[in-house]
Amino acid sequence: MTQQFNTKLKGKLVLTDSYHTDKALQKEQSLYKFIWVRNGSITLEIDHQEVILVKNEIISLSNLQHLEFKSIDGDYLTLLFNSNFYCIYGNDHEVSCSGFLFNGSSHVVRFTLDEAEQKTLNDIAETLSKEFSVSDNLQEEMLRIQLKRFIIQSTRIARHRLNITQEKEYSFEIIRQFYILVDAHYREKKQVQDYADMLNKSPKTLSNIFSTCKLPSPLRVIHERVEAEAKRLLLYSTKSAKEIAELLGFEDQSSFSRFFKNMTGQSTVQFRNGAEKNETLSPAFSVGDNNA
């Protein structure tokens, strides 16, 4: 069953258990997604990387990540929305999910729900489902409230899996803001100093925060964001390497080619013509069982 709400300003909210059969919906490139496996398992291809989700696992995907369904061996629920319905960046103070649940890298956040968390999210999903059938001038805002509740609860659960205590809150927020800034500026700003200035920190302070949290270095994060976009353009567009180099802010095609070869071990031609799934993209980032 698919339930959908559209606003006059092209906002969209969808709750569906059959996203894999809706080709028109899959073609919409503006949608943020939560995919929640209720029973069995499903196999996805995210940015050309295979990901298997099992019962009570949830994955969150930005509108930038390329998704294909490979096999369905169970039941799942998908919650989709676009920025015209609810802008996670403009409303970051409400949900604090930008740069965490949703960012432009090829790392994806996934987590497994315990029994209490299942009930919490299921209650929200049921309330949301009922609200789709209401027809009055309050419906849009009620749907938006339920979406916000789902996002906030998912953010809380993922943060809990990472053991983000009060003591770690400051570092976590700096890291989240760094990811947001990289998503916004990676084409023209490729040095840690650029982002350190915007965060009013020194590059050394940023590096120490990332190291303490056992994350890749800030420079590596920038490079991986550029790499992820390069791979998407090579795999899912017909743009030439020269055009991609220009889009990603490189001085010329040769500097882009050197960067890509250093990051992947392959030339752009080799990657486009036959890159192996397990060797081409970063692994999924799981927050299901491990505390950080």
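Residues numbered from 1 in each chain as written. Predicted model: local features only at pLDDT ≥ 70, side-chain atom pairs only at ≥ 80, totals over all residues. Heavy atoms only, no water.

(A) Spotlight on the pairing of strand β2 (residues 12-16). Counting buried positions along β2 gives five out of five residues, so the element sits mostly inside the fold. Across the two faces of β2 the burial is the same, with K12, V14 and T16 and L13 and L15 all buried. As judged from the five bridges shared by strand β1 (residues 2-6) and β2, these two strands associate in the antiparallel manner. Bridged to Q4 within β2 is V14. Where β1 folds back onto β2 in an antiparallel hairpin, the turn is made up of five residues, including K10, whose phi is positive at roughly 65°. (Buried < 20%, exposed > 50% of the residue type's maximum accessible area, 1.4 Å probe, protein only. Helix = DSSP H or I, 4+ residues; strand = E, 2+ residues; numbered from the N terminus. Pairing = 2+ DSSP bridges.)

(B) Highlighting the packing of aromatic side chains. On inspection of all chains with the given rule, the structure shows 16 aromatic pairs. Geometrically, the ring pair formed by F5 and F85 is edge-to-face, given 6.2 Å between the ring centres and 75° between the ring planes. Linking F5 in strand β1 with F85 in the loop between β6 (67-81) and α2 (92-95), this pair joins segments that are 80 residues apart in sequence. Across the pair, exposure class does not vary: F5 and F85 are buried alike. Seen from their ring centres, Y32 and F102 are 5.2 Å apart, and the 80° between their planes marks the pair as edge-to-face. (Phe/Tyr/Trp six-rings, centres within 6.5 Å; stacked < 30°, edge-to-face > 60°.)

(C) Expanded view of the side chain of D183. On the secondary structure map, D183 appears in helix α5 (residues 169-185). Side-chain polar atoms of D183 contact the side chain of R225, separated by 2.6 Å. With residues near it in sequence (within four places) discarded, D183 still touches Y89, N103, G104, S105 and R225. (Polar contact = N/O pair within 3.5 Å; in protein donor to acceptor, adjacent residues only side chain to side chain. Contact = heavy atoms within 4.5 Å.)

(D) Focus on helix α7 (residues 203-212). Of the residues making up α7, those classed as buried are L206, I209 and F210. All buried residues of α7 lie within an arc of 95° about the axis, which places them on one face of the element. In α7, the exposed positions that point more than 90 degrees away from the buried face belong to K204, S211 and T212. The inward-facing, buried residues of α7 abut α5, α6 (192-198) and α8 (218-236). In the segment just after α7, K214 is the residue with positive phi, at about 60°. (Arc of directions from axis to C-beta.)

(E) Representation of the nonpolar core in the model. Counting residues in each nonpolar core, the largest one holds 35 residues, and the members touching the most others are L13, F34, F81 and L101. Where this core is concerned, the elements lending two or more residues are β2, β3 (32-46), β6, β7 (109-112), α3 (115-132) and α4 (139-161). Of all the elements, α4 adds the most residues to this core, at six residues. L101 has contacts with F34, S60, V109, F111, I151, S154, T155 and A158, leaving out every residue within four places of it along the chain. Judged by nonpolar contacts, the second largest core, of 30 residues, contains F178, Y186, A196 and L199. (Core = buried A, V, L, I, M, F, W, Y, C linked by side-chain atoms within 4.5 Å.)

(F) Highlighting unusual backbone geometry. Residues other than glycine seldom take positive phi values, yet K10 does so here, at roughly 65°. According to the relative accessible area criterion, K10 is exposed, its value standing at 69%.

(G) Representation of the confidence of the model for the chain within the structure. For the chain, the average pLDDT comes to 91, and 94% of its residues sit at 70 or higher. Of the regions scoring below 50 in pLDDT, residues 276-292 engages in 49 contacts with residues more than four places distant in sequence or in other chains. (pLDDT = per-residue confidence, 0-100.)

(H) Molecular detail of the pattern of salt bridges. Under the defined criterion, the tally for this structure stands at 17 salt bridges. For K231, the salt bridge is made with E227, and the minimal N-O distance between the two is 2.7 Å. In this pair, K231 and E227 both sit in helix α8, four residues apart, roughly one turn of the helix. E227 matches K231 in its accessibility class, with the two residues each being buried. (Salt bridge = Lys/Arg side-chain N within 4 Å of Asp/Glu carboxyl O.)

(I) Region of interest: the environment of K130. Among the secondary structure elements, K130 is positioned in helix α3. Accessibility expressed as a relative area gives 60% for K130, which makes it exposed. Separated by 13 residues in sequence, K130 and L143 have C-alpha atoms that sit 9.6 Å apart.

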